[in-house]
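Examining the three-dimensional arrangement
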Amino acid sequence: STQWIKAIARADVPEDDVIAVQAGDREIALYGVEGEVYATDNLCTHGNARLCDGFLTGHEIECPLHQGRFDVRDGRALCSPLRENVMTYPVRIEDGIVFVAL
Ligand code: FES
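This write-up is about the structure you can find in this document. Within every chain, residues take consecutive numbers counted from 1 along the sequence as written. For a predicted model such as this one, the threshold for reporting local features is a pLDDT of at least 70, and the threshold for listing and counting side-chain atom pairs is 80 or more; totals across whole chains, interfaces and linings nevertheless cover every residue. Water and hydrogen atoms were dropped before computing side-chain values, which therefore reflect all heavy atoms in the structure.

As a further point, take the nonpolar core. What we call a nonpolar core is a set of buried Ala, Val, Leu, Ile, Met, Phe, Trp, Tyr and Cys residues that are connected through their side-chain atoms within 4.5 Å. Burial classes follow relative accessibility: with a 1.4 Å probe on protein chains only, a residue under 20% of its type's maximum area counts as buried, one over 50% as exposed, and anything between as partly exposed. Tyr31, Cys44, Leu51, Ile61, Phe70 and Val72 are the most contacted members of the largest nonpolar core, which totals 16 residues. Think of it this way: any DSSP run of H or I at least four residues long counts as a helix, any run of E at least two long counts as a strand, and we number them from the N terminus. Ranked by the residues each element gives to this core, the list is headed by strand S3 (residues 26-33), at three residues. Throughout, a residue-residue contact means that at least one pair of heavy atoms, one from each residue, lies within 4.5 Å. With near-sequence residues (within four places) excluded, Tyr31 lies in contact with Val13, Asp17, Val18, Glu36, Val37, Tyr38, Ala39, Thr40, Leu51, Leu56, Ile61 and Val72. Core analysis: the second largest hydrophobic core is formed by 13 residues, Ile5, Val21, Val98 and Val100 among them.

Two rings from Phe, Tyr or Trp (for Trp, the six-membered ring) form a pair when their centres are within 6.5 Å of each other. A pair whose planes differ by under 30 degrees is stacked, one over 60 is edge-to-face, and the rest are tilted. In this structure the tally under the stated criterion is zero aromatic pairs. Sitting over the face of the ring of Trp4, Arg92 holds its NZ or CZ atom 4.5 Å from the ring centroid. Against the face of Phe99 rests Arg92, its NZ or CZ located 5.8 Å from the ring centre. Geometrically, a lysine NZ or arginine CZ counts as sitting over a ring once it is within 6 Å of the ring centre and also within 35 degrees of the ring normal.

This brings us to the sheet that holds strand S5 (residues 55-57). The pairing criterion for strands is at least two bridges between them, as found by DSSP. Spatially, the three strands line up as an open sheet ordered S5-S6-S7, and their pairing is antiparallel. Here the strands that pair on one side only, and so sit at the sheet edges, are S5 and strand S7 (69-71). For this sheet, the mean inter-axis angle between neighbouring strands, taken without regard to orientation, is 25°. Note: strand S6 (residues 60-62) against S7, three bridges, orientation antiparallel. All axes are obtained by fitting lines to C-alpha atoms, using only the stretch in contact for helices, and the reported angles, taken between N-to-C directions, cover 0 to 180 degrees.

Encoded structure:
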């Protein structure tokens, strides 16, 4: 069953950037894009790199290790060397707090 986990204050999600948060036993990357918040796993699906150390351009996060890019809205892998999409999570904002559904 879906569990909504309190992640971070909405004000602490940087616009046009990415921040890592611990949600339950998972590390999640949160992205602020055009006033919306998106959530993915923080670990790249290709190797041992954290997406929070990557570069966000629009809706695309670029992995810092081999420059693979994911769309943060649906987790789609956009280019090589990525073969697997990254997991995304539903986000809800309530009373200035970001909740992530795990
Ligand atoms: Fe992310 Fe290789 S570890 S592209």
